[in-house]
Each structure stands twice: as C-alpha cells, then as structure tokens.
Amino acid sequence: MERFNSNKGGHINSAYDSNLDEPPVYEETNDDHRTVRPSVISAFGHDTLDRVPHIDFYRNAGSMSGHRAVRPSLQELHDVFQKVSECRCSAAPTDDMKGMVKFGWIRGVLVRCMLNIWGVMLFIRLSWVFGQAGWGLGIVIIALSCVVTTITGISMSAICTNGVVRGGGAYYMISRSLGPEFGGSIGLIFAFANAVGVSMYVVGFAETVVDLLKENSAIMVDEMNDIRIIGCITIVLLLGISVAGMEWEAKAQIILLVILLVAITSNFTPAFRDGETFFSVFAIFFPAATGILAGANISGDLRVTFSYREDIINHTTPVICNGSTAVACELGYDFSSCEVEKCKFGLMNNFQVMTLVSGFGPLIIAGTFSATLSSALASLVSAPKVFQALCKDNIYRALHFFAKGHGKNNEPIRGYVLTFIISVAFILIGDLNTIAPIISNFFLASYALINFSCFHASYAKSPGWRPAYKYYNMWLSLMGALLCCVVMFVINWWAALLTYGIEFLLYIYVTVKKPDVNWGSSTQAVTFVSAVSNALSLSGVEDHVKNFRPQILVLTGSTRSRPALLDLAHSFSKNYGLCITCEVFVGPRSETVDEMNNAMEKNQLLLKKKKRKAFYAAVACDNFREGAESLLQASGLGRMKPNTLMIGFKKNWRTAGAEAVQSYVGILHDAFDFEYGTAMLRVNQGLDVSHIVEAEVSVCGSPPPQVAKMNEKLVEASLQFKKKQPKGTIDVWWLFDDGGLTLLLPYILTTRKKWKDCKMRIFMAGQPGRSDLDKEEMKGLLKKFRINCSDINVFDDLHIKPRSESLKELQEMIEPFRLHEGSKDADQIRALQKEQPWKVTDKELSEFEEKTHLQVRLNELLKEHSRSANLIIVSMPIARKETISDFLYMAWLDILTKDLPPTLLIRGNHKSVLTFYS
C-alpha cells in the first residue's frame, strides 16, 4: 500500500517510521489494573498510544486465522499519562495454522457439492422417479427440489458472507444466527441426518454391486443380506480413508469426480454410423410424431360437440404409448412374464436402466460407484465435523467427550466412530427407499431453519447484519422456510411431527440449561427491538391504577452486600415488575470510576446466577446522598421507571456521625420529594454482610469465636427471605392511608410461592367507642378490594402514654444528641445551634412529644401482638422537612421497630394504588 503525506509532496516528518505503523501485539490479561502501554511514533508522526485501524484488533479470542491484538483502552488514553520503562508486548504469535490442511473453493466446495448432487439418486433412482411420477410430475419433483435448494443456497450465501464461518456448517450458521436453542436442537438432527446419509449412499453402492453379482450368478446369500455384507465392508474401508486425514479424503474425492464426469459424458457425444447425421436421424424419427394429426385430419367428419377438441387430445395420447410397446415386441423383447410374476423390466423395476441406455454400460456402473462412494465419503466426513463443532460449544455437557480432536487437523476420531456405528445400524435395513425418506425430513428441517435464520436476521435490522452477498430477499427466505415445512408434511406428516417434536424437546432442554454462550444472535436483536417498541408504546399510554405494580429501586450496594433486602424486593417484583438494585461509589470520581465500571458486569452476572430478575445500576459521587438522588431521578426508561424506594434501616445511626445520618434521612426526604413510595426494612441482626463477603476472599485467619458466632447469625438472618416461609402471619399495621401501598405490598407477598402459607392480619387505629364500626368498615373495604385477611384488629388506645421503661429507652437514644439549652441564655443557645444545628432542642421535644410517645406506644403494641409474625408491615411516620431534626426522626424509627421480627416500614406517595372499580 502506498503511503501518502498530507503536505502534498512536502517534507515528511523525520520521526515517522513505517515499521511502527503495524499495531503492537499485546498479551491479554485478567489484571484489574493494567500497566499503561508505552507510546510509540505512529503514522501520525508524533508520540501517541492511538493506533490506526487494523484487522487484528477485531479478532475473537482464540482466533485460528491470526493473533488477536488489544488496542489501548479509553482509560489509558484519557487518564494522566504514566511513563513505564518496559513494553508489555507479547512475543511473536505462534503459527497455530502450521501443518493444517486447508482447501480452496474448488476442492473444498465445488468438488464436494458436485459429487453429492450427481449422486446415487441420479444413477439408480432418477429413472424410478420418472417411472412412478411420469415425465410431467417428474419434472415438477426436480423443479421443486431446485426451488428449495436454490432459495436455501441464496439464504446460506447471505449468512456466510456476514462474517467468518467456522467449522460446523449448517449448525454453525443457525446457532450463530438464531442462538444456541435453535442451533443446539438442529445441530444434533443435522449431524444425525448426515450419519444416516452415509448409510443411504453405501446401500446405493451395495445395490449396484449386488445387481452385478446377480447378472453373473454370484449371489453370496440372498440379495438383502448381500447388500448388508457389502455395505458393512464398504463403510469400514471408507472409515479408514476418513481417519487417514482430510488430505487423503480430498484426493479420493478428486479421483471419484473424474470417473463420475467420464460416466456422465459417455452418452453426450453422438456416434453416427453409415453416413447418418443429426438431421437424417431426425427425418427418420419425425414421421412417428405426425400420426397425432390422423384424428384431426377428419375433424369435419366428427360429431360436433363441445368436447371434440378434448377427444382429439385424450384419445391420441394412448396411441403414442401403444406404439412404444409394439416397437419393443418387434425388437424381440418378451414382457409376457410380467402378467404372472413381479416384473423385472421398466423404469420402476430396473434400477440399472441407465446402464442399458448408455453407450458403454461399464462406464455407468463406474459412475454409480463413484457417485455413491464419494457422497458416502463426504457425509462420513461432514457428520463428525458438525457433531464436533456442536460438542465444542458445550451446549450438551454430556456430549463434550466427542469435542476432542486428534492430529494437526483436529480430526474428530471419536465422532468418526460414532458415525460409523449409526451408519452400520441403518445399512442393516438394506433398503434405499426406506432410508431416503428418513433423512429427507431432517435435511428439510435444517434448510427451513437456514432460510428462517436469513429472514430473522434481516427482520431484526441489526447494524451487525451486513452480508457481502446482496442478492437475497428476506421474504423469499421466509417463503423458502415455509416451503420446506410444507414439503415435510406432504412427504410424511407423522415423520414431520416427529422431527419437530424432537427439535422442540431439544430446544426446551437447551433453554432450561441456559448454556453460557453469547453469539450475538438475531434472537437477541429482535428481543431488543421488541423491548424498545414496547417501551415506546407504553410511553404513549397513561398510567392507570388497575395496572399499578411496584417498581422498586433498592439500595443494596453490591448485590452480595444485603441479600435479605434484595430477596424481599425481588419477592415484590418477581418476574412481573421492575427491580433495580443500586450501588453508590462514594469518593472522587477519578478514584471510583474504575471500580464502578468493573462492578457493572460482575454484579449483573451475580444477579443472573442467583436467578434474580433485576437490573444493577451504579453511580460514582462525592457523597452518598447525591448518588442516591441521581438514581432516584434518572433510573428507568419511559413508563418503566421505579416508583418505590426500598432501603435498609441504618442500624449504626448513633455512632455513624452527624453527616452520615443527615445524608441517610436526606435520601428519605428526596424520595418523598420525587413522589416515590418508600419502604425501609429492619432485621435485628442487621442487613450488611459485606465484611463477611470480603473475609471470604481475603487470606486473613478466622475471626475470634464471638465474632464468628455473630457472623453466623447474621448470615442466617440474611438468607431468611430466600427460603420458603413457615406457616405463620404477615401482620399489617395500616395506620395511615397512603394510597394503599402499605396494604398492596403484603398482599403481593401472599401470592408468592414462598409466602403462600402466611396469612394476612390487619391492625388499625380506631376512635374510642366505635371500634366495632371501624372494624366493619375495614372489612367492607377489604372485600371491595378483593383482598383476604384472617383477622382485623382495631386499637382505640394508641393515645395512652407508654410505660416509663419504654420512655426511658427512648431518652437514652436521644440523650447524646440533645442540645440541653434549658439553663442557658439566648446568646449561648444561638451559638450552640449555629455550631451544632443537627442537635435536638428541648422545644422540638416538647412540640412533638405526642408523636414521639406514639412511636413508643406502637412498639409496645407490636411486641404484644406481633412478636410471632413472620413479617411485620407498619405505616412509616413522616418527618416534616426543616421541622423535625434528623436524629429525632431516626430515634422514632429505631424505637418503633426495636426488638421485633423482621419489620418493613412503608409509606406510599399518597396516590391510589388500589381500586374497587372494574
């Protein structure tokens, strides 16, 4: 390639070195922090890490056609440059291709296709086809076959030119286009069809040999057993050629092709004798055709009817046929035996007709041998190769044994043996007409999926679908797929159903097993297009209360940090709602962004491994509240946005410091500002197990016995929502009408399999003197909502002052955070408030004494009535902004949920999420 400089013939930068224009080859590394690669003088004439585009940057890992190079990462180009003393370049790539046998398009494609097409059917079944179907339908049969294969060939050309196709043929194309589910199911069937195809071609060869033996009165046992014996001997010899290697197999194919071409052309050239020419022969034959006018010549003497033209046609045709029989008798053939025994003559009974009509019969026999053996050899090589490619992908783990190859060409010796066993089993059938229909359905199913793959990839309109072959049409491919399916059922409806049944079972198996592969299939592309289309359609529809479902943004941190919080959130959303598990990386962005980027894929994979239908989202911010605020505002897409925040209770609020508490309570304020429903989970043992997770991967010794026991209890508590809940109750303390979220969430839990043994109990506040009326009203409301509960309890004594012991607990909580301004003058009070604005004043305590006492009193009632509940749901108290201090609010939440079973505080956004209208 010529090198051009931008200054049109002017001075070329002296620092330019053309040898450095090629991209460096870098070793792949699993290290989280890679050393910055040294810069070099590039084609741009200055010191830079940037590289010119090159094919090696785009290769897959483990590419057989070249070594994969790793381009500089975006961080290495964007971050502050770090000088290094050594180049992290790998040694020159080893030549993995050395010694491997590769074929060009002639030996690899053209020869094989010609040998298979000019195969056993051309020589020993084409005459039978025309004998059965007649020349009219015979031509239709050939034309239909051509239409199916031509359309499939066009679709295959499009798929093949949309990227490099590796070993596996049809399996590789279908699996990479439609995914492992379709590819895995059709791969087994296609490999099996090729294995059975070997037996079909070998039986065709054996039939011809047996016919020769019969002519020479040399039958060994009987015709059927002779076919089996000769077939088994032949397959052993073919196996030896295949195992010897692809080079020997290719040489054998060339020899067989030469013989086949000679046989086909044996009757092509004329052999005129005694001075005859083409037109003299035509002149002698043509009078035989003039007799068709004998009836038309007396048309005037015929009865004039509406069907006289049909009479001329219908009654002339038998005369043409009778003429041929008369000629045969004149030549000395005697067909009288056909009246009393099975006829040996004619197109339908003599499969060696081509030998009789050829110029030199032995050449046709040689061509038959060549056609059958070459086709058998091609199928014997194809079936193990396809099967090996399938096993290498490890879609069926039990078959991975057959993935191992041997020798420089990675020959599938184990696959050859398996194909040999299958072929011998079908050779023992000994009847070509029985074997052929079996594989026809399997091949038609493969062709149908190849055509559908082309259609599906075109329909998905993925930017990655860029076939170099442009002469295809997605609708033509779809028609080809449908045509294949129709022909399958017309040939044999029960065999077609059996084929599709096997495909369906294999598809289900692969879908359930979920192999760990990602081939960028068109199925993924169509799923993405459908998701975008549905999201856009959903955006055009206003929300309706009947379709409300909790879409939860849960602040778990890493997906392994707070499993109990994640499990409960997932129980609410399950497969029917949105669940986003979020993490905030606190610190300067330059220090946290790498950690965040590395965590994205890892945490999403953990969710998939745990079978949690949720998304992972993360942000990097200077403080926790800013990160949570960003998530609350930006998470989701269109109507698929979170409407409920779920957060864990901050157990260490008394020791965390004023800034941490202000940030935590600020997140709750932000959630209310953005009109989120809010849920807060408290488990006595705590929620955060991140220190245990970190200890698992560290090399430190085991913790002290007391700490180990605490950790054991913490882990046990963190897994309680993962397992099936024992028979018990979910106690719902629906104290404030928040739109119904406090009632809806526990109802959703009761519909889940893990919670089906738990009954709902409703607890509510009532006015003194009308508890029974309040109970009936609640019962009527629940009936209209179609929500069942086992019991309803009304309390009319919530206003009673709590016990002194309980109040003392609260005072001990608040004491370190009180301002104690009672004995101080006004200036001192103002100075203290300015210095410590987060502290609780005496005025605030006095002003909100009743509300404070209510939280203490509720805790007493909760301990009395719900201590044995599996889960307690309580209406969350709200702290008015700039009125109630953060530490007082945390004290409310703490005293309300203290020493209880797992408790979930809920506050809806005061918009109805329940309705009793249809």
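Residues numbered from 1 in each chain as written. Predicted model: local features only at pLDDT ≥ 70, side-chain atom pairs only at ≥ 80, totals over all residues. Heavy atoms only, no water.

Under an unreviewed UniProt entry, the name given to the protein chain is Solute carrier family 12 member 1, and the source organism is Astatotilapia calliptera. As stated in UniProt under Sequence similarities (unreviewed entry), the record for the protein chain gives "Belongs to the SLC12A transporter family." Listed in UniProt under the heading Subcellular location (unreviewed entry), the comment for the protein chain reads: "Cell membrane". (UniProt positions renumbered as here; feature names shortened; annotations may be inferred.)

*Asks:* When you look at the packing of helix α22 (residues 658-673) against helix α31 (residues 886-897) in this model, what are you seeing that I'm missing?
*Replies:* Between two packed helices, the angle of one axis relative to the other and the distance separating the axes together describe the packing. Packing of α22 against α31 leaves a shortest axis separation of 9 Å and a crossing angle of 70 degrees. The orientation of α22 with respect to α31, classified from their angle, is roughly perpendicular. Of the residues in α31, those touching α22 at Ala658, Val661, Gln662, Tyr664, Val665, Leu668 and His669 are Asp886, Phe887, Tyr889, Met890 and Leu893. The class makeup of the residues in the contact of α22 with α31 is nine nonpolar, two polar and one charged. (Axes fitted to C-alpha atoms, helices over the stretch in contact; angles between N-to-C directions. Helix = DSSP H or I, 4+ residues; strand = E, 2+ residues; numbered from the N terminus. Parallel < 35°, antiparallel > 145°, perpendicular 65-115°, else oblique. Contact = heavy atoms within 4.5 Å. Nonpolar A, V, L, I, M, F, W, Y, C, P; charged D, E, K, R; others polar.)

*Asks:* Help me out: how do you make sense of a positive patch on the surface in this one?
*Replies:* A cluster of basic residues, Lys514, Lys608, Lys611 and Lys613, forms a positive patch on the protein surface. Lys611 gets classed as exposed once you look at its relative accessible area, which sits at 66%. (Patch = residues over 30% accessible without salt bridge, like charges linked within 9 Å, V, L, I, M, F, W, Y side chains within 5 Å. Areas by Shrake-Rupley, 256 points an atom, 1.4 Å probe, with all protein chains shown as cover. Salt bridge = Lys/Arg side-chain N within 4 Å of Asp/Glu carboxyl O. Lys, Arg positive; Asp, Glu negative; His and termini not counted. Charge placed at Lys NZ, Arg CZ, Asp CG, Glu CD. Buried < 20%, exposed > 50% of the residue type's maximum accessible area, 1.4 Å probe, protein only.)

*Asks:* Which parts of the structure should I look at to understand the pattern of salt bridges?
*Replies:* For side chains bearing opposite charge, pairing can occur when the charged atoms are close. In the structure shown here, the tally under the stated rule is 18 salt bridges. Note that Lys779 and Glu776 form a salt bridge whose closest N and O atoms lie 3.9 Å from each other. Taken together, the residues span about one helical turn, with Lys779 and Glu776 both in helix α26 (residues 771-785) at a distance of three residues. Given the relative accessible area of 43%, Lys779 is considered partly exposed.

*Asks:* Even after reading the chapter, I still don't get the pairing of strand β5 (residues 615-621), so can you show me in this structure?
*Replies:* The side chains of a regular strand alternate between the sheet's two faces. Among the seven residues in β5, six count as buried, and that is most of the element. For strand β4 (residues 579-586) and β5, the ladder comprises seven bridges, and the chain directions are parallel. Within the sheet, the bridge partner assigned to Val584 lies in β5 and is Val619. For the segment spanning β4, helix α20 (residues 589-609) and β5, crossover handedness is right-handed. (Pairing = 2+ DSSP bridges. Right-handed = clockwise from strand over helix to strand, strands pointing away.)

*Asks:* Sorry, what's going on with unusual backbone geometry here?
*Replies:* What is expected of a backbone is that most residues other than glycine have negative phi and most peptide bonds are trans. Positioned with a positive phi, Asn394 is a non-glycine residue whose angle comes to about 60 degrees. For Asn394, the position within the fold is in the loop between α13 (361-392) and α14 (413-427). Even without being glycine, Arg786 reaches a positive phi, approximately 60 degrees. Mapped onto the elements, Arg786 comes out in the loop between α26 and β10 (791-795).

*Asks:* Honestly, the packing of aromatic side chains in this entry has me stumped. Any pointers?
*Replies:* All told, the structure shown has 23 aromatic pairs when counted by the stated rule. Considering the side-chain rings of Tyr396 and Tyr509, the 5.7 Å spacing of their centres and the 15 degrees angle between planes classify their relative orientation as stacked. Here Tyr509 lies in helix α17 (residues 493-513) and Tyr396 lies in the loop between α13 and α14, a separation of 113 residues in the sequence. Take Tyr396: its relative accessible area is 7%, and that puts it in the buried class. (Phe/Tyr/Trp six-rings, centres within 6.5 Å; stacked < 30°, edge-to-face > 60°.)

*Asks:* When you look at the confidence of the model for the protein chain in this model, what are you seeing that I'm missing?
*Replies:* Do not read the predicted coordinates in detail wherever pLDDT is low. Taken as a whole, the protein chain shows an average pLDDT of 76; of its residues, 72% reach a score of 70 or greater. Low pLDDT, under 50, characterises residues 83-97; the stretch is placed with 21 contacts to residues that sit more than four places away or in other chains. (pLDDT = per-residue confidence, 0-100.)

*Asks:* What's the story with a nonpolar patch on the surface in this structure? I'm lost.
*Replies:* Side chains of Phe489, Trp493, Trp494, Leu497, Leu498 and Ile502 sit close together on the surface and give an oily, nonpolar patch of about 640 Å² of accessible area. For the nonpolar patch, the element with the most residues is α17, which contributes five residues. Summarising the element assignment, Ile502 is placed in helix α17. In this structure Ile502 comes out as partly exposed when scored by relative accessible area, which is 32%.

*Asks:* Can you help me understand the sheet that holds β4 in this one?
*Replies:* Note: strands within a sheet are paired through backbone hydrogen bonds, in either parallel or antiparallel orientation. On the basis of which strands lie adjacent, the open sheet formed by 10 strands has the order β5-β4-β3-β6-β7-β12-β11-β8-β9-β10 and mixed pairing. Both edges of this open sheet fall to β5 and β10, since each of them pairs with a single strand only. Going across the sheet, the axis of each strand differs from the next one's by a mean of 20 degrees, ignoring polarity. Here strand β9 (residues 758-765) runs beside β10; their pairing, made up of five bridges, is parallel. Paired with Met764 across the strands is Val794, a residue of β10.

*Asks:* Can you help me understand the pairing of strand β8 (residues 728-733) in this one?
*Replies:* Where burial is concerned, most of β8 is hidden: six out of the six residues are buried. Relative to β9, β8 runs parallel, the two being bridged by six bridges. Counterpart to Gly728 in the pairing with β9 is Cys758. In this structure, β8 lies alongside strand β11 (residues 871-875), joined through four bridges in parallel fashion. Bridge pairing in β11 places Asp731 opposite Ile872.

*Asks:* I'm lost on the environment of Gln833 in this one. Help?
*Replies:* Inspection of the secondary structure puts Gln833 in helix α28 (residues 826-835). Overall, Gln833 belongs to the partly exposed group, its relative accessible area being 35%. Residues Gln833 and Glu821, 12 residues apart in the sequence, show an inter-C-alpha distance of 9.3 Å. Those residues in contact with Gln833 that sit more than four places away from it in its chain are Leu819 and Thr841.

*Asks:* So what exactly am I meant to see when it comes to the nonpolar core here?
*Replies:* Note on soluble globular proteins: their nonpolar side chains tend to be buried together. Counting residues in each nonpolar core, the largest one holds 58 residues, and the members touching the most others are Leu555, Trp653, Met680, Trp733, Tyr889 and Leu893. Looking at this core element by element, the count peaks at nine residues for α31. Trp733 has contacts with Thr742, Phe763, Phe795, Leu861, Leu862, His865, Ser866, Ile872, Ile873, Val874 and Ser875, leaving out every residue within four places of it along the chain. Val554, Phe572, Ala717 and Cys758 belong to the second-largest nonpolar core, a separate cluster that totals 50 residues. (Core = buried A, V, L, I, M, F, W, Y, C linked by side-chain atoms within 4.5 Å.)

*Asks:* Help me understand the packing of helix α16 (residues 474-491) against α17, please; the structure alone is not making it clear to me.
*Replies:* As a packed pair, α16 and α17 sit with axes 5 Å apart at the nearest point and diverge in direction by 130 degrees. With respect to each other, α16 and α17 are oriented oblique. Here α16 contributes Cys485, Met488, Phe489 and Ile491 to the contact with α17, which in turn contributes Trp493, Ala496, Leu497, Thr499 and Tyr500.

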